[in-house]
Amino acid sequence: MNEISEFIPAIRLMNTPDGTSTFETGKLPVLKTISTTSFRISNTVEEWEKSDHPAPRKQYVVTVKGKIRFKVSNGNTFLIEPGIILLAEDVEGKGHSWEFEEGETWERLYIPIPDHGDSFFISDHN
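Residues numbered from 1 in each chain as written. Predicted model: local features only at pLDDT ≥ 70, side-chain atom pairs only at ≥ 80, totals over all residues. Heavy atoms only, no water.

Draft legend 1. Representation of the overall build of the protein within the structure. Looking only at helices and strands, the protein has zero helices and eight strands in total. Listing the helices and strands of the protein from first to last along the sequence gives β-β-β-β-β-β-β-β. In terms of overall dimensions, the protein is globule-like: its C-alpha atoms have a radius of gyration of 14 Å, near the 14 Å expected for 126 residues. When its C-alpha atoms are laid out on the principal axes, the protein stretches across 40 × 35 × 30 Å. Every one of the 126 residues in the protein was classed for burial, and the buried ones make up 33%. Considering only intrachain contacts with a sequence separation of at least 6, the fraction spanning at least 24 residues in the protein is 75%. (Helix = DSSP H or I, 4+ residues; strand = E, 2+ residues; numbered from the N terminus. Rg over C-alpha atoms; globule rule 2.2 N^0.38 Å. Buried < 20%, exposed > 50% of the residue type's maximum accessible area, 1.4 Å probe, protein only. Contact = heavy atoms within 4.5 Å.)

Draft legend 2. Molecular detail of the packing of aromatic side chains. Counting across every chain of the model gives five aromatic pairs. Measuring from ring centre to ring centre gives 4.8 Å for Trp98 and Trp106, while their planes differ by 70°; the resulting arrangement is edge-to-face. Assessed through its relative accessible area of 5%, Trp98 is described here as buried. The exposure class of Trp106 is buried, given its relative accessible area of 3%. Just above the ring of Phe7 sits the side chain of Lys27; from NZ or CZ to the centre is 4.4 Å. Between the NZ or CZ atom of Arg108 and the centre of the ring of Trp106, over which it lies, the distance is 4.2 Å. (Phe/Tyr/Trp six-rings, centres within 6.5 Å; stacked < 30°, edge-to-face > 60°. Lys NZ or Arg CZ within 6 Å of the ring centre and 35° of its normal.)

Draft legend 3. Structural view of the side chain of His53. Along the polypeptide, His53 turns up in the loop between β3 (40-42) and β4 (59-71). His53 gets classed as buried once you look at its relative accessible area, which sits at 12%. Side-chain polar atoms of His53 contact the backbone oxygen of Ser51, separated by 2.7 Å. Leaving out residues up to four positions away in the same chain, His53 has contacts with Trp48, Asp90, Lys94, Gly95, His96 and Trp98. (Polar contact = N/O pair within 3.5 Å; in protein donor to acceptor, adjacent residues only side chain to side chain.)

In structure tokens:
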């Protein structure tokens, strides 16, 4: 029997004081009302997206289809796939890069978090 969880796994990309990026694992609570005014859907990839770049805004990236391996400044990597929400907060500096882990398809939703909005991210390191 499947257990129902009160949380969805998440990984947060974030800036460090020296201008590089890192990540931490955590979770997001379910059934929380999160303020947003718009979102985008994408299934295309431009080459610049695979090179180092910061997030254009603080946003959730919800993968619908695909497995993507992200890399941060120190070379550490993590996998994003359906069922894991990416919280992109590394909006300055070198940023991150990524590559396809499997296949050549990445379908995703970009959901911006308003300025001063709460992401509701709960770190595994608390």
